[in-house]
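Summary of structural features
Each chain, written out:
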Amino acid sequence: MPRFRSILDTVPAYKPGKAVVAPDGRSYKLSSNESPYEPLPSVVEAVARAAGEINRYPDPGAVRLIEALAAKYGVPEEHVAVGAGSVAVTQQLLEAVGEPGAEVLYAWRAFEAYPLLTALAGATAVEVPLVDETHDLEAMADAVTPLTRLVLVCNPNNPTGTANRRAEIERFLDRVPGDVLVVLDEAYREYVRDADVPDGLAFYRERPNVAVLRTFSKAYGLAGLRVGYLIGHEPVAAAVRKTLLPFAVNHLAQIAAVASLQAEDELLERVETVVKERTRVREALLSQGWQVPPTEANFVWLRLGDRTVEFAEACAGVGVAVRPFPGEGARVSIGDPESNDAFLAAAEAFRGR
């Protein structure tokens, strides 16, 4: 029998959102926080033109993409690193800092890949409970020790959609030692409409130990191609580049990401449509009597406790897939109006039981 690392016996498996189909054939996937819209025509055209080149390896340095990102954000190219989705960049970060004895600190519940990737990196996870579905940054600062290498702050938080504001983040960063890397995971930044939820790049520009993580999977609608990136000072970005699997960001993904940046104004009109639907869905749920925290992401969170699985099964019965976290609650992505209406009808029916 082959021998494997003992950590594999205890590491939690990542559970992606699933699709379901009702007996009548209806299916609405609201379990993975995907964009409900196809990529823009200009992006599809760019990918189609590049498809004839896939017999060649992709640019290992993603030069054009890094140039485009550096220009967009007004940062040096040396401060940008890419990976196969922001989760892969997170893994690259953890490989750069993780070793036996090192601690990785994050709120819980947050992005469910954090425990998995921390364990695989050989580091020790330190989880700080949420308060009112939001990061307790004071408690997180208290939890920093001399062993802490990395702090992950998911803002807006997945799966609750809540966000920390500027002043509390500033207080938190003031308390974190300069040799501890703080990564602001902003996968849902494009959906933020609260003016007091800061752009993490403002902190990065002032603090060498702060980096920002973003993705093309959500607002840009490229979840199937896997492109994420980090912006951090040169030592941080350099470490992430060192842990990048060669050729990890494929050719079509690089082409699509650059084309998406070029068509950003048009793309963000779609984001605004999702934001309006988010408001409509949350207000409808509140009117039904649910408790739904304010959300700055492309999903809503329902605290359901022991009824979480029952709720998810009821939704699945009418073809609506949501993301249950047993014993806690359900995360429901914002889809197109038809999908959202189907979910709201399912939620109202469940409420009436």
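Quick caveat: nothing in here was measured; it's all calculated off a predicted structure. (Residues numbered from 1 in each chain as written. Predicted model: local features only at pLDDT ≥ 70, side-chain atom pairs only at ≥ 80, totals over all residues. Heavy atoms only, no water.)

**Concerning the nonpolar core**
If you look at soluble globular proteins, the nonpolar side chains tend to sit buried side by side. If you look at the biggest cluster of nonpolar residues, it comprises 89 residues, and the most contacted ones within it are L65, F172, F216, L285, L302, F311 and F343. The biggest single contributor to this core is helix α9 (residues 251-262), with 8 residues. Residues within four places of F311 in sequence aside, it is in contact with W290, L302, L304, A330, F343, A347 and F350. Within the second largest apolar cluster, 25 residues are counted, among which are V89, A113, L117 and L150. (Core = buried A, V, L, I, M, F, W, Y, C linked by side-chain atoms within 4.5 Å. Buried < 20%, exposed > 50% of the residue type's maximum accessible area, 1.4 Å probe, protein only. Helix = DSSP H or I, 4+ residues; strand = E, 2+ residues; numbered from the N terminus. Contact = heavy atoms within 4.5 Å.)

**Points about the UniProt feature "domain: Aminotransferase class I/classII large" (unreviewed entry) in the protein chain**
Following the UniProt record, the feature "domain: Aminotransferase class I/classII large" (unreviewed entry) maps to residues 29-344 here. Structurally, residues 29-344 is divided into 41% helix and 17% strand, and its ends, taken at the C-alpha atoms, are 14 Å apart. (UniProt positions renumbered as here; feature names shortened; annotations may be inferred.)

**Comments concerning empty space enclosed by the protein**
All chains considered together, the criterion is met by 2 cavities of 30 Å³ or more. Estimates place the volume of the largest cavity at around 80 Å³. Contributing to the lining of the largest cavity are 13 residues, with S35, Y37, A219, L267 and R270 lying nearest its centre. Put simply, the second largest cavity is a space of about 30 Å³. Lining the second largest cavity are D59, P60, A62, V82, L244, F247, A248, V249 and Q254. (1 Å grid on protein atoms, 1.4 Å probe; cavity = no way out; pocket = protein on both sides within 12 Å on 5 of 7 lines; lining within 4 Å. Points joined across faces, edges and corners; volume = space filled by probe spheres on them.)

**Focus on the UniProt feature "modified residue: N6-(pyridoxal phosphate)lysine" (unreviewed entry) in the protein chain**
UniProt feature "modified residue: N6-(pyridoxal phosphate)lysine" (unreviewed entry): in the numbering of this structure it lies at K218. Considering the arrangement of structural elements, one finds K218 in the loop between β7 (210-215) and β8 (228-231). Given a relative accessible area of 16%, K218 falls into the buried group. In contact with K218, other than residues within four places in its own chain, are S32, N33, S35, A187, Y188 and Y191.

**Looking at the sheet that holds strand β9 (residues 299-303)**
Read across the sheet, 3 strands follow the order β9-β12-β11 without closing on themselves; strand pairing throughout is antiparallel. Both outer strands of the open sheet, β9 and β11 (323-325), are each paired with one neighbouring strand and no more. Along the sheet, successive strands turn relative to each other by an average axial angle of 20 degrees, direction set aside. Pairing of β9 with strand β12 (residues 329-333), which is carried by 5 bridges, proceeds in the antiparallel orientation. Looking at β12, one finds that V300 is bridged to V332. (Pairing = 2+ DSSP bridges. Axes fitted to C-alpha atoms, helices over the stretch in contact; angles between N-to-C directions.)

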